[in-house]
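Single-letter residue listing:
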Amino acid sequence: MKIIGVYGGHDQAVAYVEDGIVKLALEEERLSRVKHHQPPPYAPYHGLEWLADNGHNITEVDRLAFGEPLCNTGDLLVALRTMHLPVRIEPKIRLIEHHTAHVALAYAWSGWDECYALAVDGGGSVSYALAAHCKDGLIHEVARDNMSNLLSIMNPGLWYILATDAIGLKPLHDEGKLQAMACSGDPNRYMPLFRERLSIKPFEVTDSKKSGATRDDGTWAPTRDNIQELIGIDPRDDAVKRDVAAAIQAIFEEMIMTDVQAYVPKGSKLVVSGGSFCNVTINRKLLNWVSEVFVAPAINDGGIAAGAALAIDRIVPYRLDNVYLGYDAGEIPNSVDPREVAKLIANGAFIGLCQGRCEYGPRSLGNRSILGDPTKTDTSTRLNAKLNRSGVMPFAPVILDSEADNVLEPDWHRAEHSAEHMTITFKVNEEWKDRIPAVVHVDGTCRPQVLRREVNPFYYDVLVEFKKLTGVGILLNTSMNLHESPINMTEAQALMTMRAGGFDVLVSASGLRKS
C-alpha cells in the first residue's frame, strides 16, 4: 500500500510510506525556511509539492493520512482547500490521532515485535499523553491523559512549556536551553516550593472518547508571574535561573517516571516519542526502570507525518538504519579525500558536510552537519561565536562504533539503537572527559551518535582518518545552520551558511570548497 502522511500542526511535515516502510520524509521548515513551520495554513503544501516532484502525487496513492490535530471537519476542509485537492481524493483520507501517530512511528522503527510505548508532549488532538502495549503490529491503548483541562499542570509536557516561558525563554522553542541550564543548577533550592503546590500521580486509565479525566484542578500553573511570586525573585535573573531550571527539570523527571512506573512493567522494552522526549536527560533515566529503550529519531511533531501513514495499516516493525529520508543534495565525488578533510579538522577548521538526503527529525547525523575537533578546549567557544549560538547548549559527538565501549558507560548498549540517532545521553568514562572537552556537558554526559560504516561511509572514513592523526575516533557534530534558522537543505544554502561565517570548508557534491 502506498500512503502519504501529512501533518499540518506545529513542525509541519510530509512522508511517503510504501508497504510499511518510510521511504521519504521532510519537514516543511526545510522548504519554507521558517523554523518550526506551523499553521495557518493547515497543510505543508511545499512538502506535498516536493513529494510530487519525487513521483508521489496525492492523487495517485492509496491513502492520505492526516495526523491530528486537525481538530475538526472545518480545519480539515481548510487544509483540503489549501492543497487544492480534487473531490475524488476525499475517500482516501484517514485522520490519525496525534499520540497514536507518535507511538506508531516509534514502534515501527524499533524493530521490536512487542514492547510498551509512551508518547508525551504539550498536547495533541484529544490528549497530552498515551501509554500503550504494542504487539503483533497492533497498538493497544493502556491509558490516555485527556485534554479536559487545558491548564492541567500535571502534564509533563505542558509543565515544561509553561516553565520555559516563566524563566524568560521562548516556549515551544527553547526547552532545550532550560534542560541544558538545569544540569548546572541545584534543584533543592526551589523544589520544595513547587512540591507544596503539586501532587504528582500518573494520568488515569480513561476511555479516550470521553473527557473529564485530569490529574489536578489546574488552580496553580507555572506561569512567569506565578513562579516569580512563588520564589520571590525574578527567575529570569541569571543568578537564580539555573537553580529554578534544575527544580523544573527534577519535577518533570518525576512526572515522567511516575507515568512509566504506572503503565510500563519493570524490565520490559520501551519505545518513546513526542516532544517531551526531546529531553535527552529523562531518556537516560528511563533505563532505571526498563531493560531497553528506543527513542524515535523524528521525535518532535514532524514525526507525526510518517507515524500517521504507518498507523493506517497493521505495523510491521523494522530496525531503522538511518533517517536520510529528505531532500537529496547529491553525493560527494571520489576526488574528495577523507584524509584531507580529517587533516583540516585536526588543524582547527570547521567542516560543513552536505551530502545525500537530509535527515528527517531535529538532529543532523552526518548529511547536513558541521564537524569540529572535540579535543580542543576552545572549540565550543569558537563555534558558538561563528553560529551566533548560546554557550549554554552543549555540542554532541559522533563516535566510531569501535570506540563507543571505551568512551561511554556500559549502559549505552541498552539504548544502542537510540545512540545511533543522538536521542539519549550517557555518562562519559572518566579517562575520556578531559580528552574530548568540547562535547562533554557540565554534568559529565554526552549525547552521542555512534556510527557504523554502512550507515554513512564517507562520514565514517573521516572519523577513521581523524583517529589516525590524533588517536581520537570522535568528532564534534552539530547541525548545519546559523542560530534560529532551519537546518540547511540544499548545497546553495550550505554555501550561504559558510559565507556567513558558520564554518570554514564545505564538502558537498561540488567537491571541497574553502570560505
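Residues numbered from 1 in each chain as written. Predicted model: local features only at pLDDT ≥ 70, side-chain atom pairs only at ≥ 80, totals over all residues. Heavy atoms only, no water.

**Student:** Looking at this structure, how should I read the packing of helix α12 (residues 338-346) against helix α17 (residues 457-470)?
**Tutor:** To describe two helices that pack against each other, one gives the angle between their axes and the distance between the axes. Contact pair α12 / α17: the axes reach a minimum separation of 8 Å and the direction vectors enclose 55°. Taken together, the axes of α12 and α17 lie oblique to each other. Seen along the crossing, α12 lies across α17 with a hand that is right-handed. Residues P338, R339, V341, A342, K343, I345 and A346 of α12 touch α17, and the partners they reach there are F458, D461, V462, E465, F466, L469 and T470. Classifying every residue of the contact of α12 with α17 by side-chain character gives nine nonpolar, one polar and four charged. (Axes fitted to C-alpha atoms, helices over the stretch in contact; angles between N-to-C directions. Helix = DSSP H or I, 4+ residues; strand = E, 2+ residues; numbered from the N terminus. Parallel < 35°, antiparallel > 145°, perpendicular 65-115°, else oblique. Left-handed = near helix turned anticlockwise from the far one by under 90°. Contact = heavy atoms within 4.5 Å. Nonpolar A, V, L, I, M, F, W, Y, C, P; charged D, E, K, R; others polar.)

**Student:** Sorry, what's going on with the pairing of strand β14 (residues 368-372) here?
**Tutor:** Within a regular strand, the side chains alternate between the two sheet faces. With five of five residues buried, β14 lies mostly within the body of the structure. The side-chain alternation of β14 yields two buried faces, one formed by R368, I370 and G372 and the other by S369 and L371. Taken together, the four bridges between strand β12 (residues 351-354) and β14 define a ladder with antiparallel strand orientation. Looking at the pairing, C354 lines up with R368 of β14. (Buried < 20%, exposed > 50% of the residue type's maximum accessible area, 1.4 Å probe, protein only. Pairing = 2+ DSSP bridges.)

**Student:** Can you help me understand the confidence of the model for the protein chain in this one?
**Tutor:** It should be kept in mind that the predicted coordinates are not to be read in detail where pLDDT is low. When pLDDT is averaged along the protein chain, the result is 90; 91% of the residues meet or exceed 70. Within the model, the stretch residues 207-217 combines pLDDT values under 50 with 31 contacts to residues more than four positions away or in other chains. (pLDDT = per-residue confidence, 0-100.)

**Student:** Before we go on, may I ask you to explain the pattern of salt bridges in this structure?
**Tutor:** Where charged atoms from two side chains of opposite charge come close, those side chains can pair. Counted according to the given criterion, the structure contains 22 salt bridges. The network of salt bridges with shared partners includes R319, D321, E420, R452 and E454. (Salt bridge = Lys/Arg side-chain N within 4 Å of Asp/Glu carboxyl O.)

**Student:** Sorry if this is basic, but what is going on with empty space enclosed by the protein here?
**Tutor:** To find leftover empty space, a probe the size of one water molecule is rolled over the atoms. Per the counting criterion, the structure on display carries two cavities of 30 Å³ or more. As for the largest cavity, its lining consists of D321, N322, V323, Y324, L365, E420, H421, Q449, V450, L451, R452 and V455. Take the lining of the largest cavity: its biggest share by element is three residues, from strand β18 (residues 449-451). Grouping the constituent residues of the lining of the largest cavity by class yields six nonpolar, three polar and three charged. For the second largest cavity, the calculated volume is near 40 Å³. Considering the residues around the second largest cavity, the lining is formed by F277, C278, V280, N283, P297, I299, P362, R363 and T423. In terms of residue class, the lining of the second largest cavity is built from six nonpolar, two polar and one charged. (1 Å grid on protein atoms, 1.4 Å probe; cavity = no way out; pocket = protein on both sides within 12 Å on 5 of 7 lines; lining within 4 Å. Points joined across faces, edges and corners; volume = space filled by probe spheres on them.)

**Student:** Hey, could you run me through the side chain of S380 in this one?
**Tutor:** Mapped onto the elements, S380 comes out in helix α13 (residues 379-387). Residue classification places S380 among the buried residues on the basis of a relative accessible area of 19%. Ignoring sequence-local partners within four residues, the contact set of S380 consists of F395 and A438.

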